[in-house]
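# Remarks on the overall topology
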Amino acid sequence: MALIQLQGITKYYEMGSQVVKALDGIDIEVLKNDYLAFIGSSGSGKSTMLNILGCLDKPTDGQYHLNGTNVENLDQNELSEIRNKEIGFIFQSFNLLPRANALGNVMQPLIYRNIGLKQRKQVAMEALERVGLGDRTDHLPNQLSGGQRQRVAIARALVTHPSILLADEPTGNLDSRTTIEIMQLFDELHAEGHTLIVVTHEDEIAQHCQRIVEMKDGKIFNDQVVEKGTAELTS
Amino acid sequence: MFFALIESSRSALMSIFAHRLRSFLTTLGIIIGVASVIAVISVTQGMSAFIGETFASLGTNSLTIQSYTPFEDQMKGIRARLTPDDLELIERRADGIASITPILYANRSSQIKYGSQTAFSQIMGTTYAYQDVAQSYTQAGRFLAQSDNLTRRRIAVIGEDVRENLSLPENPINEYVEIGGEWFKIVGLLDSMGDIMGMSRDDIVLVPYATMVSLQGNQARTDIQIQLSLSESAELEDVTTQLSTLLRNAHNLGSDEDDDFRIQTAEQLMEEFNQIIGMVTVVIGGIVGISLLVGGIGIMNIMLVSVTERTREIGICKAIGAKRHHILMQFLIEALLLSLLGGLIGLATGFGLGTLIANTIPGFPPASIPFWAIALALGFSGFVGVLFGILPAAKAANLDPIDALRYE
């Protein structure tokens, strides 16, 4: 069974008297260990798509099965639990807690799982070491470079062992060299068996993925599988 | 639940210490409120405990009768008096009295001289019975005797302070002092009695009653005080009623007229003091209640600002799995800890202030905080924290994760 299954997902926003169709009848399946990119221009609905996939938002209509769970009838608290268990978010602006150090940020999702401090530290340390930041654990976000911050965010996403990693323009705030590093990390994670969904408007990023879904006006315009590793990132 | 409590406290403490100055200013209202209530309570409680001890040492079975003139009558030049006749009447007619003595205060000059030294003191004419009534005994020499009174001898028994003030020798017996132009021989030195309310009880000179009367001359105008102690079997109330009836008859008071004298017991005095202290405590407590309310509003205000400021953080936490109660608890505990910390600082400050006040005023009893005051201060500040923390915490918990994440 597919890890993610969307059937007839629509999302309408009311802007005054006008109804904006951010998503308009989306059907898609994502399999385990997929490496998928949503691309499209701004306003194409890919951000809304990410919010729905990440269980941050609920669709106006349609069905969403995530890892066998129908997300439709869950309340806010249950959605929080789903986000904690199933989804690892990686944001464009990193979204780290500014007053917590790297370790604290990575430990944060584990608090909501009622995991004790000692074990939290241990698991978080492993995650930080995985992203190559084992020596930066006590740095605050503002003492880290952009690339390091994004690594902390990736560690935070990995630490809960989610079924999918959701990345929203993960390299949008990074320079090209760091972009390569982060995308290499993504490739490695994919190779380790993680399921990755990346929302981006940069073709170079999308070319890293195995499957590219192009969105336009709230609809899926193109959905194609590509040969891995064909894209060359230039600096 | 317990786990969430610990984690919320941890992050609340972190956020309080991350903004030390702001946290301090936020909780300043609580600090001031609690500090003032604790300062007042510690001073009044110290005073009340001290007064209790002092009056217990005075003896609960002694009575003082003195004349009393209402202020209105004083303005008209009327003066109520207790006379030696009243004393005689009580001695003859009242039951249940162990000892009784008149006290006549020197009404002209309370000046006392020894050599070149001059001092002012409380000079009282009284009898040998005074030592039983006032529980005041001599450490050297002898007390006034009945024969001293009959023969109007010019002798004096002095308190420790008088001896010091006049630079009298260690043993002042047989030295001569001058009171009102007459020479008095010192026959006794009283035991030290300590202070009451900063007033020394050792600054007294006792002379025979009859001597004092003769010093004052015009006997018809004397207004004396009568002090008496009860015999062991006597009931304080019975004696008081009896004395009151006797004196009312003697003074020809009609049933619609008020007493022109006051019968005071040590216990009564203590109650009066405690009443005043209780009243002060209640009034200050009310004022402090208001200041805690204002402090609470201050906390609410800052917490609301803090929620707005941390909207994005709240969004992040919700995105990575925080439930409503996680966020609610975090902000509620932050408000609670803020006001509790304020309460604690206030407690320490208040006690320090109370101690300072007690130490600055000479003879003032040491400050003390009763346990209930600590519990009350912390309980009330905690209550304020929760009360005014709920609104901001609920606001934070109800934020929509997407809106919160987008918040700039």
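No experiment lies behind these values; they were computed from the predicted model shown.

With that settled, consider the overall build of chain B. Assigned secondary structure in chain B consists of 15 helices and 14 strands. Counting the 408 residues in chain B, one finds 44% classified as buried. Nonlocal contacts in chain B, meaning residues at least 24 apart in sequence, comprise 78% of its contacts between residues at least 6 apart. Split by element, the accessible area of chain B, about 20100 Å² in all, is 58% carbon and sulfur.

Moving on to the packing of helix α5 (residues 146-158) of chain A against helix α6 (residues 176-191) of chain A. All names here are of chain A. Closest axis-to-axis distance for the α5/α6 pair is 10 Å, and the angle between their directions is 20 degrees. On the basis of the axis angle, α5 is roughly parallel to α6. Regarding α5 and α6, the two cross each other, and that crossing is right-handed. Here α5 contributes G147, Q150, R151, I154 and L158 to the contact with α6, which in turn contributes T178, E181, I182, L185, F186 and L189. For the contact of α5 with α6, the per-class residue count stands at six nonpolar, three polar and two charged.

So, on to the nonpolar core. Residues and elements named next belong to chain A. Residues I4, L6, F38, M49, L53, Y64 and L66 are the most contacted members of the largest nonpolar core, which totals 72 residues. With sequence-adjacent residues up to four places away left out, L6 is seen in contact with I26, D27, I28, M49, L53, Q63 and Y64. Core analysis: the next-biggest nonpolar cluster, separate from the first, contains 40 residues, L110, V152, F186 and C209 among them.

Let us now look at the sheet that holds strand β3 (residues 35-39) of chain A. All names here are of chain A. Strands sit in the order β6-β7-β8-β3-β9-β10 across an open sheet of six strands; the sheet is mixed. Edge positions in the open sheet fall to β6 (87-90) and β10 (219-225), since each of these has one partner strand only. Going across the sheet, the axis of each strand differs from the next one's by a mean of 20 degrees, ignoring polarity. Pairing of strand β7 (residues 164-168) with strand β8 (residues 195-200), which is carried by five bridges, proceeds in the parallel orientation. Looking at β8, one finds that D168 is bridged to V199. Strands in contact with helix α2 (residues 76-86) are β6 and β7; relative to β6, the strand with the most contacts, it is inclined by about 80 degrees. The strands that α5 touches are β6 and β7; relative to β6, the one it contacts most, it runs at about 170 degrees.

Turning next to the confidence of the model for chain B. Scored by pLDDT, chain B comes out at a mean of 85, with 95% of its residues at no less than 70. In the predicted assembly, ipTM is 0.90 and pTM is 0.70.

It is worth spelling out helix α4 (residues 117-130) of chain A at this point. For α4 of chain A, which comprises 14 residues, the first-to-last C-alpha distance of 20 Å matches the rise-based estimate of 20 Å (1.5 Å per residue) to within 8%. What α4 of chain A keeps buried is the set R120, A124, A127 and L128 of chain A. Projected down its long axis, α4 of chain A carries its buried residues within an arc of 95 degrees, all on one side. At its buried positions, α4 of chain A is contacted by α3 (102-111) and α5 of chain A together with α1 (2-18) of chain B. A positive phi of about 80 degrees marks G132 of chain A, the residue just after α4 of chain A.

Under the defined criterion, the tally for this structure stands at three aromatic pairs over all chains. Taking 6.2 Å as the distance between ring centres and 50 degrees as the angle between the ring planes, the aromatic pair formed by F380 of chain B and F383 of chain B counts as tilted. A residue pair is termed a helical-turn pair when its members lie 3 or 4 positions apart in one helix, as F380 of chain B and F383 of chain B do in helix α14 (residues 371-397) at three residues. The exposure class assigned to F380 of chain B is partly exposed, which follows from its relative accessible area of 37%. By relative accessible area, which is 49% here, F383 of chain B ends up partly exposed. Positioned above the aromatic ring of F221 of chain A, the side-chain terminus of K216 of chain A is 5.0 Å from the ring centre.

The next subject is the pairing of strand β4 (residues 117-120) of chain B. When a strand is regular, its side chains alternate between the sheet's two faces. All names here are of chain B. By the bridge criterion, four bridges tie strand β3 (residues 111-114) to β4 in an arrangement that is antiparallel. Residue pairing for β4: K113 is matched across the bridge by T118. The antiparallel hairpin formed by β3 and β4 contains two residues in its connecting segment, where G115 sits at a positive phi of about 60 degrees.

On to the packing of helix α5 (residues 84-93) of chain B against helix α10 (residues 236-250) of chain B. Residue and element names in this part refer to chain B. It is at 10 Å that the axes of α5 and α10 come closest, and there the two elements cross at 135 degrees. It follows from the interaxial angle that α5 and α10 lie oblique. In the packing of α5 onto α10, the handedness of the crossing is right-handed. In this structure, α5 contributes D86, L89, I90 and R93 to the contact, and α10 contributes Q242, L243, L246, L247 and A250. Residue composition of the contact of α5 with α10, grouped by class: six nonpolar, one polar and two charged.

Further remarks concern the pairing of strand β1 (residues 62-67) of chain B. Residues and elements named next belong to chain B. Summarising burial for β1: five of the six residues are buried, a large majority. With four bridges joining them, β1 and strand β13 (residues 225-230) adopt antiparallel strand pairing. Bridge pairing in β13 links L63 to L228. Sheet topology note: the β1/strand β14 (residues 261-265) ladder contains five bridges and is antiparallel. Bridged to S67 within β14 is F261.

Calculation notes
Residues numbered from 1 in each chain as written. Chains lettered and ligands numbered in written order. Predicted model: local features only at pLDDT ≥ 70, side-chain atom pairs only at ≥ 80, totals over all residues. Heavy atoms only, no water. Helix = DSSP H or I, 4+ residues; strand = E, 2+ residues; numbered from the N terminus. Buried < 20%, exposed > 50% of the residue type's maximum accessible area, 1.4 Å probe, protein only. Contact = heavy atoms within 4.5 Å. Areas by Shrake-Rupley, 256 points an atom, 1.4 Å probe, with all protein chains shown as cover. Axes fitted to C-alpha atoms, helices over the stretch in contact; angles between N-to-C directions. Parallel < 35°, antiparallel > 145°, perpendicular 65-115°, else oblique. Left-handed = near helix turned anticlockwise from the far one by under 90°. Nonpolar A, V, L, I, M, F, W, Y, C, P; charged D, E, K, R; others polar. Core = buried A, V, L, I, M, F, W, Y, C linked by side-chain atoms within 4.5 Å. Pairing = 2+ DSSP bridges. pLDDT = per-residue confidence, 0-100. Expected span 1.5 Å × (residues − 1). Arc of directions from axis to C-beta. Phe/Tyr/Trp six-rings, centres within 6.5 Å; stacked < 30°, edge-to-face > 60°. Lys NZ or Arg CZ within 6 Å of the ring centre and 35° of its normal.

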